[in-house]
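Each chain is listed here by its residues.
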Amino acid sequence: MQIPINPYYTISAGLLLQYAGGVPEIPPAVRLNILLDIPGAQFPDLLLILGAIKNSYIISLPAAVTTDQPSLMSVLPQCFLLSSLSNFSLTAGNILPIIAEQTGLPNGENADLINNYFREQGRQDWQFPCFHLQQAGRQQAANCLLVVCQTDRNEIIETIFPQATIIAFATGIPDIATFIKYTSQVKTYMLPDFFSTAFIEKKLHEKELENWQQRALLYRNFLSLSKSVQQKEYYEVLDWYYKEYETLPLWYKRLGHIIKVIMGKRSFRSLFNDKIKKNTD
Amino acid sequence: MNNEPAIAVLYHIFYEDSYDLVCSELQPLQSYHPVLLFNICAETPGKKEMSEEIKKAFPGCFVIFTSNKGKDIGAKLAMLQLFMQLQLQADYFLLLHDKKSLQALKSATWKTDLLKIIFPDNIATVFQRFEENDHCGIVATKEYIITEPFEENKFSGINGQLLSGLVPAYGLKPASLEFVAGTMFWVRATPLLQFFGRFHPLEIRKQLENGNVIDNFSGTVTHSWERLLSWIITSDKMFIAGI
């Protein structure tokens, strides 16, 4: 039995931007790997499109951007925001592929800059698998599989990375319709004896379970914290009372009680009664 | 001619049961056709489902997930960066979050009080305050406009030491030390965007603490920025109006 796997299909951000001002009609089930091969000035349009489409996606960086430190630094805020949109895929396992379009395999140069930036923004444990598009067939790095497919035939691909299998196409893609056609030519599957279906389900729910456990701990912490905070506030009020009232001379406080009687806040008779019924207004 | 103010709402959601609350709170604003940006805490269980519901309830909105860094302040900074990256336009921002402050004695009334600024009867008053006076930079619930203690020529509150460093570092010279406690307020967009054009929100967000920090026992950068968000405006010769 083969278990179908939904891969991420590599698409140029430039191609998506052909639809700036509108929304490209890609079937929502098609997951995307968006190669950020556009100048910084076009990122607002890309953000608008990705905010509007329903497709789940990951992003990847061209190797040329990662080797040029200033270029890389300038796109990091955009990478962070793109990876924060709600349809960014949470199941791929924090990967940001680095993809060479022309020659040579990228060596992940400056990947630590991306990692540090993401860590400073509260993101942990990102991986940067390096691939290149000129190498036909399978490439595997950092628990991620990229397969460069020919577009003149149907492809059936077995994977062992159900969460992070990426498909790229060897030839250029002129428009979205062609892209959709190519995606329909690819079938990706995994064998149940490698990872059981139960394992996939488990992986999918593992993070959510952890979030609920953390949330339960948080509420428990709130309970203990509220005790400390309220205790502190209680002593602050008590301290204020002693500083502001208790230190006043007795005659002043007695005068205060007479004023209370005049204002109707307590009865005249209560001045001569030790068991005072306090006004609770 | 359309005189309707352009509004952008930046709403941070931390709690897993906030969806209904968010929908009901934002209902009175819908007639103003606001730009809606939501940040759901990345550690909030059910965030994916909640984001889908929000997108259905508010078509055209943007939803991001960011980690719990700098609490609602960090989230608002991330949303401001997104707003700027999207090159959207607004006359006024409305900053909101699903505050509960479960540790505080007054937690039950705190949020309700802060939300006075979006009660249907008050929204027109908010815009009136802005329109009446060009120097009105922030409109907030008056009970939560408080003054940071400053004694003997220095900040004397629990965040004092941090504020002494941050205020000059960001070139702030607030005319008064009033700020909106709880960080839910209306604010004029221009001065805020001018400031964050010079100091990028995500660069500031880096410095904020992770997790649910509180400043009951010691100062935090996060709570210092709670003050600075107001002082960005009051440093620009503007004041905070209470309703």
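Rules used throughout
Residues numbered from 1 in each chain as written. Chains lettered and ligands numbered in written order. Predicted model: local features only at pLDDT ≥ 70, side-chain atom pairs only at ≥ 80, totals over all residues. Contact = placed C-beta atoms within 7 Å. Helix = DSSP H or I, 4+ residues; strand = E, 2+ residues; numbered from the N terminus. Nonpolar A, V, L, I, M, F, W, Y, C, P; charged D, E, K, R; others polar. Pairing = 2+ DSSP bridges. Domains from an automatic or database assignment. Axes fitted to C-alpha atoms, helices over the stretch in contact; angles between N-to-C directions. Parallel < 35°, antiparallel > 145°, perpendicular 65-115°, else oblique. Left-handed = near helix turned anticlockwise from the far one by under 90°.

Visitor: Outline the interface of chain B and chain A, supporting the account with residue identities and numerical values.
Guide: With 28 residues of chain B in contact, the opposing surface of chain A contributes 29 residues. At the level of elements, strand 3 (62–66), helix 3 (71–85) and helix 8 (201–206) of chain B are the ones that each hand at least two residues to the side of chain B that touches chain A. By residue number, the principal contributor to the side of chain B that touches chain A is strand 3 of chain B, which donates five residues. A breakdown of the residues in the side of chain B that touches chain A according to their chemical character gives twelve nonpolar, eleven polar and five charged.

Visitor: Provide a residue-level description of the sheet that holds strand 11 (residues 186–190) of chain A, including the pertinent values.
Guide: All names here are of chain A. Here we have three strands laid out as an open sheet, ordered 1-11-9, and mixed in their pairing. The open sheet has two edge strands with one neighbour each: strand 1 (3–4) and strand 9 (155–158). Bridge analysis of strand 9 against strand 11 gives four bridges, and the strand direction is parallel. Its bridge partner lying in strand 11, I157 is registered against T188.

Visitor: Which residues make up the domain arrangement of chain A, and what values do they have?
Guide: Entries for chain A in the domain assignment read domain 1 (3–194) and domain 2 (212–272). Taken over C-alpha atoms, the centre of domain 1 of chain A sits 60 Å from the centre of domain 2 of chain A.

Visitor: Provide a residue-level description of the packing of helix 4 (residues 69–82) of chain A against helix 5 (residues 111–120) of chain A, including the pertinent values.
Guide: Residue and element names in this part refer to chain A. At a minimum axis separation of 10 Å, helix 4 and helix 5 run at an interaxial angle of 45°. As far as their axial angle goes, helix 5 and helix 4 are oblique. The crossing of helix 4 and helix 5 is right-handed. In this structure, helix 4 contributes L72, M73, L76 and F80 to the contact, and helix 5 contributes L113, I114, Y117 and F118.

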